[in-house]
Amino acid sequence: MPRLLLYRLTMYRRMIALLVLVATLLAFLVVSVYVPVVSSTIVVGAANIDAIATSLPPLVIPQLPQYSTLLGANGAVLARFSSENRVPVPLSGVAPIVVKALISSEDRTFFANNGVDPRGIARAVVADLEGRPTQGGSTLTEQYVKNILELQQGPSAQLNTIQRKVNEIVYARQLTRQLTKDQILDGYLNTVYFGSQAYGIEAAARRYYSVHASQLNLAQAAMLVALVRSPSNYDPMSHPALARRIRNQVLHVTYVNHQISRGAELAAQASPLALKPSEPSTGCQASRVPYFCDWVSSQLLTLPALGSTRALRLATLQRVGLTIRTTLVPRAQAAAQTAAVSIVGVTNRVGDAIVVETPGTGAITAMAQNRVYGLDTTKNQTTLNYANSPSPVGSTFKAFTLSTALSEGVPLSTILPAGATYHSTTMDNPPGGFFTNAEPSDGYDLTIAQATDGSVNTAFVQLEQMVGVIPIAKTARSMGLYSLPLSGPNAVTAKEGSLTLGARGFTAIQMAGAYATLAAHGLHCTPNAVASVTLSSGQKVTVAPRCSQVLDPAVADTVTSLLAGVVTSGTGTAAQIPGHTLAGKTGTTGNFGSAWFDGYTATTAMAVWMGDPRGITYPLYNVAGVGAVYGGTLPAAMFKTAMTPILTGQPDVPIAPPTEIYLAKSTEVVPDVADLTMSNARALLNSLGLSVTAPVSGTAGATDPAAGSVVVPGDKVTIAGYTGPTS
């Protein structure tokens, strides 16, 4: 291009830039933010500023969103919650070089201007027209005002309108009269967004370099200062080459502004980005107990003390700065976590979960599983809390059948004519037409205690048939299985024979709470993890346990005596801990899709689940050296591993014997009297101590209760008859 033409083009550009400068200055005169040397204009400017200021609501500097802190029962920090990754820090906690680079890059006249620098705006316009990079047009005070408005108004404050700009200018003028320059810098550095979810200089220093803001060096400070202009475009993790170029420009203007030496500039420009990123330190992903943290979060969102709606409670949790004391006990958590990963490793396809609860309080003291919290499934990470994920519970459900039977007066001496298979005539049978036994033991003519020790399905189905499916379902709900529906499309029906065998899914949290009910002599407390919440005002809200007596203590203690036999001589012997009396129940689904051991002492209840996270169609075969996993194998061993250190140093508390009332009664099975003469049928039933209602003559037909039903002497049996010959 001819030099003359190039010269003319350059002159035209400069003329245009000069016109823009004049127009900018005139615009400032109109809104009266630029105070010229002419005294008459000063009077007009002040009047106009006052008029604009009067029409605007006062600028209130909001409290920055504060961390809510999650504490264990011993006061140790477990996690912090915030809507933003922001760590407020005083100006004294920021490396001085950050301030020097910031002022050089963003607002050279910061300490001299009154919040507005029209020359800077005009200079930026000219530089943009000439294609030269320079600092932004807004002063740091204006940018701080913009950050404040965004905190108050959200995205609407970001709209690029003339009115918004005028408002920012007026507010900036006001702010310089209200705050010192250091206070403005302090506020700005704690509100500005640095990209990558980092709000404020301290969060940015940790996010990009894993250091505190006070430890930032020159090159690091320049990189972070560069980010305030365009966090996404200059992100050093996504655009390292561009980020380094912009960083070096900040270094140069810092030198030009006489804040660093030429040698320091060149040395820093030659240095690599040297990023050392760290993940945000807020939320459950940064917690030492992420799955417990996840569950506590969901609990907090139900507390009325934090707000009238879920949205308000979430905002309180993320912004107000609560101190939340939880029930987690480090010793119990460490024991549970060790057991969760030592029996079945982290990389095993099979998952597990352990929940520990204190009976009589509902306090969850531990929650563990054999996975690392995260999204990388190739490393067996997951954010799914197995302890709060329902899975079929197998024979652990039989505790509710026992509780119901005893509550209805069925004595322990009741004989259950069990066998390898059983076909029910009153309830729905499984595919194939017969109930079978999952655990490797069965027998005939078993007492309730014997059927419990061996976890004999066919016996329990008959016991279920005696007391009724619906009463059992109601008992289970009252003891903590709140998700068991009694109405609606998926409700339990009176013919659901598989209910007592644990075909329905429940969570380890629910099962721990249900077995804790037995340990607490029938007192059920809703599982909880929040002991107290202290608001930022200092007001402390204590969260009281929600408890109710759902079983007669004699019933609960008698069930406990039966479940103690499971551990001493039944299917749960692998859970035995020398020196301690335990009660518990094994559970195995029919297709080995999941396996459980739920057990307790007088002071501690624990639920252990094991299964393939992909679902029950992936059976528990060949897991950790075990060919087929029953509840009495790996889950019972996991229970023992976790419970042993928890009980260390605690005295043994003996389990109460069965209450006499449940032992004193004898029972009989209604015989089949069909086709006997009425007199012979009556005589046979009377010989068993039963009261008989029947026609005077004829041949006996069916009985009510039906033949095979277990009854207590004195119960009434009705014989249906038909007219026929008599003998």
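Residues numbered from 1 in each chain as written. Predicted model: local features only at pLDDT ≥ 70, side-chain atom pairs only at ≥ 80, totals over all residues. Heavy atoms only, no water.

A. Up close: unusual backbone geometry. The amide bond that connects D704 to the next residue, P705, takes the cis arrangement and shows omega of 5°. Positive phi, normally seen in glycine, also occurs at Q197, with a value near 65°. As for its position among the elements, Q197 is in the loop between α7 (181-191) and β4 (198-199). One non-glycine residue, S210, lies in the positive phi region at around 55°. Mapped onto the elements of the fold, S210 is located in the loop between α8 (201-209) and α9 (218-227). In this structure S210 comes out as partly exposed when scored by relative accessible area, which is 33%. (Helix = DSSP H or I, 4+ residues; strand = E, 2+ residues; numbered from the N terminus. Buried < 20%, exposed > 50% of the residue type's maximum accessible area, 1.4 Å probe, protein only.)

B. Representation of the pairing of strand β6 (residues 351-358) within the structure. In terms of burial, β6 is largely enclosed, as seven of its eight residues are buried. Looking at chain direction, β6 and strand β22 (residues 605-611) are connected through seven bridges and run antiparallel. Counterpart to I354 in the pairing with β22 is V608. The sheet contact formed by β6 and strand β7 (residues 363-369) spans six bridges and is antiparallel. Across the sheet, the residue bridging to A353 is Q369, located in β7. The loop that links β6 with its antiparallel partner β7 comprises four residues; one of these, G360, has a positive phi angle of about 85°. (Pairing = 2+ DSSP bridges.)

C. Broad picture of the environment of T452. Topologically, T452 is positioned in helix α16 (residues 448-453). T452 gets classed as buried once you look at its relative accessible area, which sits at 1%. Between the C-alpha atom of T452 and that of K398, which follows or precedes it by 54 residues, the distance is 8.1 Å. With residues up to four places along the chain from it excluded, the contact list for T452 reads L402, F460, L562, L563, V566 and K585. (Contact = heavy atoms within 4.5 Å.)

D. How the structure looks around the sheet that holds β22. Spatial strand order, β7-β6-β22-β21-β20: five strands in an open sheet with antiparallel pairing. Strands with a single pairing partner mark the edges of an open sheet, and in this sheet they are β7 and β20 (583-588). Across the sheet, the axes of successive neighbouring strands diverge by a mean angle of 10°, strand direction being ignored. (Axes fitted to C-alpha atoms, helices over the stretch in contact; angles between N-to-C directions.)

E. View of the environment of S455. Position of S455 among the secondary structure elements: in the loop between α16 and α17 (457-467). In this structure S455 comes out as buried when scored by relative accessible area, which is 0%. Sequence separation between S455 and K585 is 130 residues, and the spatial gap between their C-alpha atoms is 8.3 Å.

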